[in-house]
Each structure stands twice: as structure tokens, then as C-alpha cells.
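Notes for the structure review
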Amino acid sequence: MTDSADSPSFRLAYVPGVTPAKWVRIWEERLPGIPLTLLQVTPAEAADALRDGSADAAFVRLPVDRTVFSAIPLYTETTVVVVPKDHVITAAEEITLDDLADEVVLHPLDDVIGWTEPPGEPAFERPATTADAVELVAANIGVLVVPQSLARLHHRRDLTYRTVVDAPQSSIALSWPEEATTERVEDFIGIVRGRTVNSTRGRQTPAEQREGDGGGRGRTAGAKGGGTKSGAAGRSGGAKAGGTRSGGTRTGGAKTGGTRSGGTKGGGARRGTGGGKPRRRS
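Within each chain, residues carry numbers counting from 1 in the order of the written sequence. For a predicted model such as this one, the threshold for reporting local features is a pLDDT of at least 70, and the threshold for listing and counting side-chain atom pairs is 80 or more; totals across whole chains, interfaces and linings nevertheless cover every residue. Think of the side-chain values as coming from all heavy atoms in the structure, minus any hydrogens and water.

Brief notes about the overall build of the protein
Here is the rule: Going along the chain from the N terminus, every DSSP run of H or I of four or more residues is numbered as a helix, and every run of E of two or more is numbered as a strand. Remark: exposure states derive from per-residue accessible area (1.4 Å probe, protein chains only) relative to the maximum for the residue type, with buried under 20%, exposed over 50%, and partly exposed in between. Throughout, a residue-residue contact means that at least one pair of heavy atoms, one from each residue, lies within 4.5 Å. To measure how exposed things are, a 1.4 Å probe is used in the Shrake-Rupley method; for residues, cover is taken only from the protein chains shown.
What the protein contains, in helices and strands, is six helices and 17 strands. Split into buried and exposed, the 282 residues of the protein put 32% on the buried side. The long-range share in the protein, meaning contacts at least 24 apart out of those at least 6 apart in sequence, stands at 66%. Within the structure as shown, the protein displays about 18100 Å² of accessible surface, and the carbon and sulfur contribution to it stands at 48%.

A few points about the sheet that holds strand β6 (residues 94–95)
Rule in force here: Strand pairing is assigned whenever DSSP identifies at least 2 bridges connecting the two strands.
Reading across from one edge, β6-β10-β5-β9-β7-β8 is the order of the six strands in this open sheet, with mixed pairing throughout. The strands lining the two open edges of the sheet, one partner per strand, are β6 and β8 (121–122). Here strand β5 (residues 79–84) runs beside strand β10 (residues 159–164); their pairing, made up of five bridges, is antiparallel. Among the inter-strand pairings, valine 83 is bridged to a residue of β10, identified as threonine 160.

Some words on the packing of aromatic side chains
To be explicit about the condition: Stacked, edge-to-face and tilted labels apply to pairs of Phe, Tyr and Trp rings (six-membered ring for Trp) whose centres lie within 6.5 Å, assigned for plane angles under 30 degrees, over 60, and everything in between, in that order.
Scanning the model with the defined rule gives five aromatic pairs in all. Each ring, one from tryptophan 27 and one from phenylalanine 188, has its centre 6.1 Å from the other, and the planes form 55 degrees; the classification is tilted. One end of the pair, tryptophan 27, is in helix α1 (residues 21–30); the other, phenylalanine 188, is in helix α5 (residues 183–192), with 161 residues separating them in the sequence. Each member of the pair, tryptophan 27 as well as phenylalanine 188, carries the same accessibility label: buried. One aromatic cluster is present, built from ring pairs that chain together Phe10, Trp23, Trp27, Phe59 and Phe188.

Limitation: the analysis is restricted to geometry and does not speak to function.
So this is what it looks like as C-alpha cells:
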């Protein structure tokens, strides 16, 4: 792990559709002496910002180059189709890709769905950006399939959207250069993962691991003089000088070799009778 002491702040990049405000707020509460600088980038620019050091970490859309970057997947977005409010598609709450077969589906150059083959009919020209594609939808040129966060980001009063249940989805992750996992990156990872302020970033010391392994274990035989207690059936071994008690019967050794069973008293059970004269018959 490298140190980031030479960096005046923590620089966080994020792609459109991601709202980092809640994590930024926690950072400011926990690390008020280290400013957090936000940098909005396009999905194509995110990797370059991490490579050239413009950002220490970034919220990106998967996939990323795992030979260079570490990544923690955070969530997967619902895919929707953006249409005019009076479009026939709005009659249903959810649709499938087959429902778009006869539609002109716009495919912007900054598309993040990663289609193998986009649905519907292609437009004459691909829009440069998602924002441009939204304007074309408003002009009734076609429809647009995007992650739900982008539909919300480019919201217009004359447009709405519906879920496409079988469309590919886009996932958001926190990513950073694997060779630049700084202390401040570790701090931000802890915030994103919901660790408390007193957490040690999830790393356990050997003593903590041993304590965790032993937690919840019950006491076994031998805790006191090798004795074992099982239910209400009785006590055995070492309760008193080798005596055994089972149910309502106490046997050998409870009192100097005496035996007591039910209501009968046998040899040696009464003190001072051992070897005495037999009782006289009447």
C-alpha cells in the first residue's frame, strides 16, 4: 500500500447517473481536514482519469480492466425505454425487447448498455450523446433504451419511461488503480461499504480472529472434576468420590459403599449395623 500524503485532497470521479452525495457527506463528517474533490467524467473518460492520476477513485460502469484496476460492484440498474408520454408503450408498466421490434431505437455513441445487437430498427444516424438522443425522442424520431438513472438524469415533462424486463443491465462499481490503494482510498472504501468510524477497515488482528473462532462454544466434560451433566437423567463421574446417581437411585460410593434403591436399605446403608446380630424372629 502506498501513501497519499502528498495529495492535498481526495479526488473522486463519477460517471453520469451516479449520485455520490451521501458518501461525500459521510467523508466530510469523518475526515473534515481532508477535502474531497468531485470530478464528473464520461464512461470513456473514467479509466483515463484513474490512469493519469486525475482521480484517486471513481464510480464507474462495469466492466473495467481488472489487470489494472480494482473494483467493488455496488448495484445493478434497471433498464428502461424512454418514450413520449402519449406513446403506445405507456399502456403497459413493463415491456420486453420484442415490443420494440417495430420501433426506431436510438443508439448513441456513448451508450452504456453494451448491446450485442440493439433491438428494433436502427436510426439513420447514431446520436453523439445520450442527451442528444433524448432530444430526438422528444421530437418523435425514435425511442431510447438506457439505465434508469440516465432516464431520470435527462428527465423531461413530455417524456416518460417503462421497464424493459429482458434487456441487458448496467452495473455501477467503485474502482481505483490496483497499485495505488492508498490510505485515503481505503477510508473511502470503508465508507462505501458502510463501516463504522471505529472500524479497522475490516481487517482482523490474529487475537480478534482467535476470539471470533472461540465465540459461542459451550463448556464440555471436565469443567469441574471431569463431571458430566446431561438433562435430568442424573449426574455421573466424580460428583462425590465416584458416586453415581441415576433417576431416583443412588449407587455405590455415595456414602462409604452403601447402596440405596427405591425403599429398600441394604448392607452397610445404616451406620453401625455392619456385622451386627440378626433380628430375633417373633
